[in-house]
Amino acid sequence: MAATQQEARSCARTPKRTNMASFNSNEWRAICDKFTNAQNLTEIESRNDPENDPFRSKYKARELLREIYCSLKNFEAGEGEEEGGGESGDQRPTEQPVDGQREDLFGQGFSGDSPAGLRAAKLGAVEYYLGVNHVDTEELPAGQEHLMNCMKLLERCRVSSSNVSLFIHVRNQLGILWAGRDETETAQGFLETAESIYQRYMKEDGSPPTDMTEYFAAEESLLTHQERIKRFELAYTHTMYYLAQVYKNLGQTERAATYCHTTLQRQLQLNQFTPMEWALNAATLSQYYITKGRYMEGRHCLSAATVISDLAGEVPSEAAAQENEAESERREHLRQKRAEIARCWIKYCLNLLQDAKKQLEDNIGELDTDRQEELKRARRREEEEEEKGRKSALLFGSEDTFDSIASIEEKVMCLFPLDFTEARSVFLVGQNHVTQAKDYFQMDGYVTDHIEILQDHSALFRSLAFFEEDLERRCKMHKRRVDMLEPICNDLNAQYYLMIRRQLMFELAETYNEMMDLKLALANRQADTQSLDNHTIKKFNHLCSASAKYFQMFLDSLCSPEGKFPERLEEEVLRPALVARFRVARLHSRLISTSPTVQLDNLNKSLENYKYVVQYCEANPEAGATVETELELSKEMAGLLPLKINRLKARMASNN
């Protein structure tokens, strides 16, 4: 409050003119020149301010704005202001209005085009610029005060083409200010009012509104209608953008996505965007659509992101980057952002394959051919729905980019793949983007990112394997997964990357387990139910032991430094640990050996792990809900295995 009171006293000391100066007079031109200088200081000169005085130009701009405010006070109020219920010209508004407190911003108060209305708008504009200036210099309370003074001045006026832009801008700024304080609902109120003002103005008037800079421009410097429209639409685009952030913070993800999509489209239409920033925002939005199963919209966002990112130009060569610091920064920026977009493409392909798998698998995780045929018959209807959805969707692009976006969309499907050929086409798109992402996110410098990309690559192979009918080829796909993950898992520092190593151990254990089941199924099919040959047994035991080894490594990673297994498992590892115990038990019971002693040892290890699952869930009943199937089977096996062990012992004794 101190800042504005000081300014008011300063203005009060200046003698008041008795007649309003002409807007073509020298006095008015001096005000316009000061405003131009203030804008230049704020928008251009401030970029070159020294680090030890970062706000030097903005402080100079503030002084000019204060002088403009005082000069405006010396112009006599227009006729009708007092009759309209306005405050005296020398009083700054003191009440802090609550946004939207006046029921009808369009039907009450001065006419926005009247002398009183224009005077209020000009004073309000200076308050607005002072408010933004204080916010920019990190003086938020003073900034808020000036912005609210602007609101109060506008409260006297009806919305019109002369002031509607200011009505929206000031609410946008207050929305940003309150959002920065984590007062999200307060920000929401200002921004939603700005939105409703825009919508009603466009419905009831729609003429190109005066831009705030024109309040202080000579007649020959006024904007064209086209430029007025562009600036007004850009202000509303900012409203949409800020509302998207607000709705996201309020957990209203669907609304946030809608507003984000609208913002991106408007930025393209107005040609007001930075290519890489826009592309990354579109790629990020695609991830929301993917989680909702809206693959057509997700694909469209990613295709647009790819096209728009190309507008940023070629990545500078390594040689150019070494010679020039600016080129080095540009190379780093472009490579990183394009790699991040590539990762979004990977997620698209992976989720599409995984969701298709869920649609097609039976109760044991295999391809349900009846369901497959049913979905193929329904495909034509889906394609028609896709075309309808495309016509009703809000599509990105202009005449220059629309065809390019459509061309990329044609390279990858957005309907669920229903057979291996379709699944492979999706897989290959994902794999191409894996290569691009890994090229930037290399192991040296980006360990976590690199491994996450490898895990996604592995998951792509796993999803593709589901569609493969040839068991041998399916097994080879899982072997590719082992080959990419095993070296990383064994080389990672356990101290710094414990959680990642655990993930890799568990995945490797499951992969070897899947390969074991496939090899056994393949051997049984080839042998036509005859006994397995030694080579097959050796291969089966190798896969079985490798799976058990990685499950045991996972369990060992949970132990204390002294090697003691925890009495109570943490929630985040509860299910994985119990599942690992169950799998180790199952694997030991499946190992094939002709030695009774080895058989007995394997059965005892199996029983020990089954008992652990049962006993842990008895001691911690809440754990049972996380492993219902495994617990039920563990109880059954804990009852059956002692009989099998006793029979083996008896046979061993009789042989001796």
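Note that the coordinates shown come from a computational prediction; the quantities given were computed from them, not determined experimentally.

Engineer: How do you make sense of the pattern of salt bridges when you look at a structure like this?
Structural biologist: If charged atoms from side chains of opposite charge come close, those side chains can pair. Enumeration over the complete set of coordinates arrives at 37 salt bridges. With a closest N to O distance of 3.4 Å, arginine 474 and glutamate 366 form a salt bridge. Taken together, the positions of arginine 474 in helix 19 (residues 471–491) and glutamate 366 in the loop between helix 13 (325–360) and helix 14 (369–377) put the pair 108 residues apart, joining distant regions of the chain. Accessibility expressed as a relative area gives 34% for glutamate 366, which makes it partly exposed. One salt bridge connects lysine 519 with glutamate 472, and the closest N-O pair in it is separated by 3.3 Å. Linking lysine 519 in helix 20 (residues 498–527) with glutamate 472 in helix 19, this pair joins segments that are 47 residues apart in sequence. Salt bridges sharing partners connect three or more residues here, namely Arg462, Arg481, Glu507 and Glu514.

Engineer: Any chance you could explain the nonpolar core here in plain terms?
Structural biologist: When a protein is soluble and globular, its nonpolar side chains tend to lie buried together. Grouped together as the largest cluster of nonpolar side chains are 125 residues, with contacts concentrated most on Tyr348, Leu569 and Leu578. Residue contributions to this core peak at 14 residues, all from helix 13. When sequence neighbours within four positions are dropped, the list of residues in contact with leucine 578 reads Leu569, Tyr612, Val613, Tyr616, Cys617, Ala623, Thr626 and Val627. Of all hydrophobic cores here, the second largest spans 57 residues; its members include Ile68, Ala121, Leu123 and Leu174.

Engineer: Help me understand the side chain of glutamate 630, please; the structure alone is not making it clear to me.
Structural biologist: For glutamate 630, the location among the structural elements is in helix 24 (residues 628–655). Given the relative accessible area of 13%, glutamate 630 is considered buried. The contact partners of glutamate 630, leaving out residues within four places of it in the chain, are Arg575, Val579 and Phe582.

Engineer: I'm lost on the packing of aromatic side chains in this one. Help?
Structural biologist: The geometry of two aromatic rings is summed up by the distance between their centres and the angle between their planes. Within the structure shown, the criterion is met by 28 aromatic pairs. Plain terms: the ring middles of tyrosine 241 and tyrosine 242 are 5.7 Å apart, the flat faces sit at 70 degrees to each other, and that makes the pair edge-to-face. The class for tyrosine 241 is partly exposed, based on a relative accessible area of 33%. With relative accessibility at 21%, the residue tyrosine 242 sits in the partly exposed group. Ring geometry for tyrosine 247 and tyrosine 259: centres 5.1 Å apart, planes at 65 degrees, overall edge-to-face. On the criterion of sequence distance, the pair formed by tyrosine 247 in helix 8 (residues 225–249) and tyrosine 259 in helix 9 (residues 253–270) is long-range, its members being twelve residues apart. You can call tyrosine 247 buried: its relative accessible area is 0%.

Engineer: It is not clear to me how unusual backbone geometry should be interpreted in this structure. Could you clarify?
Structural biologist: As a rule of thumb, non-glycine residues mostly have phi less than zero, and peptide bonds are mostly trans rather than cis. Of note, glutamate 138 is a non-glycine position whose phi angle comes to about 65 degrees, a positive value. For glutamate 138, the location among the structural elements is in the loop between helix 4 (115–136) and helix 5 (140–155). Its identity is not glycine, yet asparagine 271 carries a phi of approximately 55 degrees, on the positive side.

Engineer: Help me out: how do you make sense of the side chain of histidine 588 in this one?
Structural biologist: With respect to the element layout, histidine 588 can be found in helix 22 (residues 571–590). The buried category is assigned to histidine 588, whose relative accessible area is 16%. Leaving out residues up to four positions away in the same chain, histidine 588 has contacts with Asn602, Lys605 and Ser606.

Engineer: Looking at this structure, I do not really get helix 7 (residues 184–204). What am I missing?
Structural biologist: Because the α-helix completes a turn every 3.6 residues, residues three or four places apart line up on one side. In this model helix 7 runs 30 Å from its N-terminal to its C-terminal C-alpha over 21 residues, within 8% of the 30 Å that 1.5 Å per residue would give. Considered for burial, the residues of helix 7 that qualify are Thr184, Ala187, Gln188, Phe190, Leu191, Thr193, Ala194, Glu195, Ile197, Tyr198 and Tyr201. Contact partners of the buried residues in helix 7: helix 5, helix 6 (164–180), helix 8 and helix 9.

Engineer: Would you mind going over the packing of helix 3 (residues 56–73) against helix 4 with me for this structure?
Structural biologist: What describes two packed helices is the angle between their axes and the distance between those same axes. At their nearest, the axes of helix 3 and helix 4 sit 10 Å apart, and the two run at 160 degrees to each other. In terms of axis orientation, helix 3 runs roughly antiparallel to helix 4. Here helix 3 runs over helix 4; the crossing is left-handed. Taken together, the residues of helix 4 that come into contact with helix 3 (itself represented by Lys58, Ala61, Arg62, Leu65, Arg66, Ile68, Tyr69, Leu72 and Lys73) are Arg119, Lys122, Leu123, Val126, Glu127, Tyr129, Leu130, Asn133, His134 and Asp136. Its residues placed into classes, the contact of helix 3 with helix 4 shows nine nonpolar, two polar and eight charged.

Engineer: I tried to follow helix 6 on my own but got confused; where do I start?
Structural biologist: With 17 residues, helix 6 should reach 24 Å at 1.5 Å per residue; the first-to-last C-alpha distance of 25 Å fits that figure. Within helix 6, 14 of the 17 residues are buried, leaving the element largely enclosed by the surrounding structure. Once helix 6 ends, the next one or two residues include aspartate 182, with phi positive near 65 degrees.

Engineer: Would you mind showing me how to read the confidence of the model for the chain here?
Structural biologist: Low pLDDT means the predicted atomic positions in that stretch should not be read closely. Mean pLDDT over the chain stands at 89; residues scoring 70 or higher make up 89%. Predicted confidence for residues 13–21 stays below pLDDT 50, and this span has 13 contacts to residues more than four positions away or in other chains. Low confidence marks residues 76–91, where pLDDT is under 50. Its contacts with residues over four positions away, or in another chain, come to 29 contacts.

Engineer: Which parts of the structure should I look at to understand the packing of helix 22 against helix 24?
Structural biologist: Look at helix 22 against helix 24: their axes get within 10 Å of each other, and the N-to-C directions meet at 35 degrees. Once helix 22 is placed against helix 24, the crossing between them reads as left-handed. Of the residues in helix 24, those in contact with Arg575, Val579 and Phe582 of helix 22 are Glu630, Leu633 and Ser634. A breakdown of the residues in the contact of helix 22 with helix 24 according to their chemical character gives three nonpolar, one polar and two charged.

Engineer: What is the right way to look at the environment of leucine 454 in this model?
Structural biologist: Looking at the secondary structure, you find leucine 454 in helix 18 (residues 447–467). Residue classification places leucine 454 among the buried residues on the basis of a relative accessible area of 7%. Each C-alpha atom, one on leucine 454 and one on arginine 481, is 8.9 Å from the other, the two residues being 27 residues apart in sequence. Every residue in contact with leucine 454, bar those within four places of it in the chain, is listed here: Lys438, Met484, Leu485 and Ile488.

Parameters and conventions
Residues numbered from 1 in each chain as written. Predicted model: local features only at pLDDT ≥ 70, side-chain atom pairs only at ≥ 80, totals over all residues. Heavy atoms only, no water. Salt bridge = Lys/Arg side-chain N within 4 Å of Asp/Glu carboxyl O. Helix = DSSP H or I, 4+ residues; strand = E, 2+ residues; numbered from the N terminus. Buried < 20%, exposed > 50% of the residue type's maximum accessible area, 1.4 Å probe, protein only. Core = buried A, V, L, I, M, F, W, Y, C linked by side-chain atoms within 4.5 Å. Contact = heavy atoms within 4.5 Å. Phe/Tyr/Trp six-rings, centres within 6.5 Å; stacked < 30°, edge-to-face > 60°. Expected span 1.5 Å × (residues − 1). Axes fitted to C-alpha atoms, helices over the stretch in contact; angles between N-to-C directions. Parallel < 35°, antiparallel > 145°, perpendicular 65-115°, else oblique. Left-handed = near helix turned anticlockwise from the far one by under 90°. Nonpolar A, V, L, I, M, F, W, Y, C, P; charged D, E, K, R; others polar. pLDDT = per-residue confidence, 0-100.

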